[in-house]
Amino acid sequence: MLTARHTLIYVMLMTLVVVASNILVQYPLHATLAGVNLADILTWGAFTYPVAFLITDLTNRQFGPKAARKVVFAGFVVGVALSFYTAQPRIAIASGSAYLAGQLLDISVFNRLRRMAWWRAPLFGSLIGSMLDTAMFFSFAFAPLFVFFGPNEPFAIDWAPILGVFQTSAPRWISWAIGDFTVKMTVGLVMLLPYGALMNVLKPMQPVRAA
């Protein structure tokens, strides 16, 4: 049973991740790697946001999909509300929409795969959820098509070589999206380590049925 104490812990963790990511996504990673300007590829938010999928998956494993959705919705309300004070309104809208869609998809995929090999549910749930999250967030936050959410960011829509290495150019936010998803896939694999370590501690508290 998901108690008030468990809910508070998971919601606080989720809120911390969402707010931190909303702040960090506004800061490109100003560094070079093998001659590649990483500012054309990555923001700092790509390294923190995948932790949200770990929190959701652990909640889902221990308490089931209904409880996980409660934590996701609570994290959505608190996280988005605080994000309007810590980030630009357009970033907050994009983050909230992408977060909700990506996390709910993760829960659905996780629940379908939970009885397979232990790593399948968290890995595929987070990767598929991250794919939707990345597409929605970067489109809503930076694509000129969604300017009605807020003003465009000049640096984001300036054209640059894709991933900083290809001859073909595109707005920087597209390279950010590609780089972001690449990092999320990598971090998703790394998150299997804490998930595997905690799965024997956070055991399901009751039989879980599809929901």
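Residues numbered from 1 in each chain as written. Predicted model: local features only at pLDDT ≥ 70, side-chain atom pairs only at ≥ 80, totals over all residues. Heavy atoms only, no water.

**Concerning the packing of helix 6 (residues 120–142) against helix 8 (residues 172–190)**
Right, so step 1: Viewed as axis vectors pointing N to C, helix 6 and helix 8 meet at an angle of 160 degrees, and their least axial separation amounts to 10 Å. Accordingly, the angle class assigned to the pair helix 6 and helix 8 is roughly antiparallel. Crossing of helix 6 over helix 8 shows right-handed handedness. Only W173, W176, A177, D180, F181, K184, M185, G188 and L189 of helix 8 make contact with helix 6, whose side of the interface consists of L123, S126, L127, S130, M131, D133, T134, F138, S139 and F142. (Axes fitted to C-alpha atoms, helices over the stretch in contact; angles between N-to-C directions. Helix = DSSP H or I, 4+ residues; strand = E, 2+ residues; numbered from the N terminus. Parallel < 35°, antiparallel > 145°, perpendicular 65-115°, else oblique. Left-handed = near helix turned anticlockwise from the far one by under 90°. Contact = heavy atoms within 4.5 Å.)

**Remarks on the pattern of salt bridges**
Right, so step 1: Taken as a whole and assessed by the stated rule, the structure comprises 3 salt bridges.
Right, so step 2: Across the pair R172 and D158 runs a salt bridge whose closest N-O atoms are separated by 3.9 Å. Here the residue R172 occupies a position in helix 8, and D158 occupies one in the loop between helix 7 (154–157) and strand 3 (159–161), the gap between them amounting to 14 residues.
Right, so step 3: Overall, the relative accessible area of 15% leaves R172 in the buried class. (Salt bridge = Lys/Arg side-chain N within 4 Å of Asp/Glu carboxyl O. Buried < 20%, exposed > 50% of the residue type's maximum accessible area, 1.4 Å probe, protein only.)

**Some remarks on the nonpolar core**
Right, so step 1: Ranked by internal contacts, the top residues of the largest apolar core, which has 35 residues, are Y10, M14, L42, L58, Y99 and Y195.
Right, so step 2: For this core, the elements supplying multiple residues, two or more each, are helix 1 (4–24), helix 3 (51–63), helix 4 (65–86), helix 5 (89–113) and helix 8.
Right, so step 3: Of all hydrophobic cores here, the second largest spans 17 residues; its members include A87, A98, A143 and W173. (Core = buried A, V, L, I, M, F, W, Y, C linked by side-chain atoms within 4.5 Å.)

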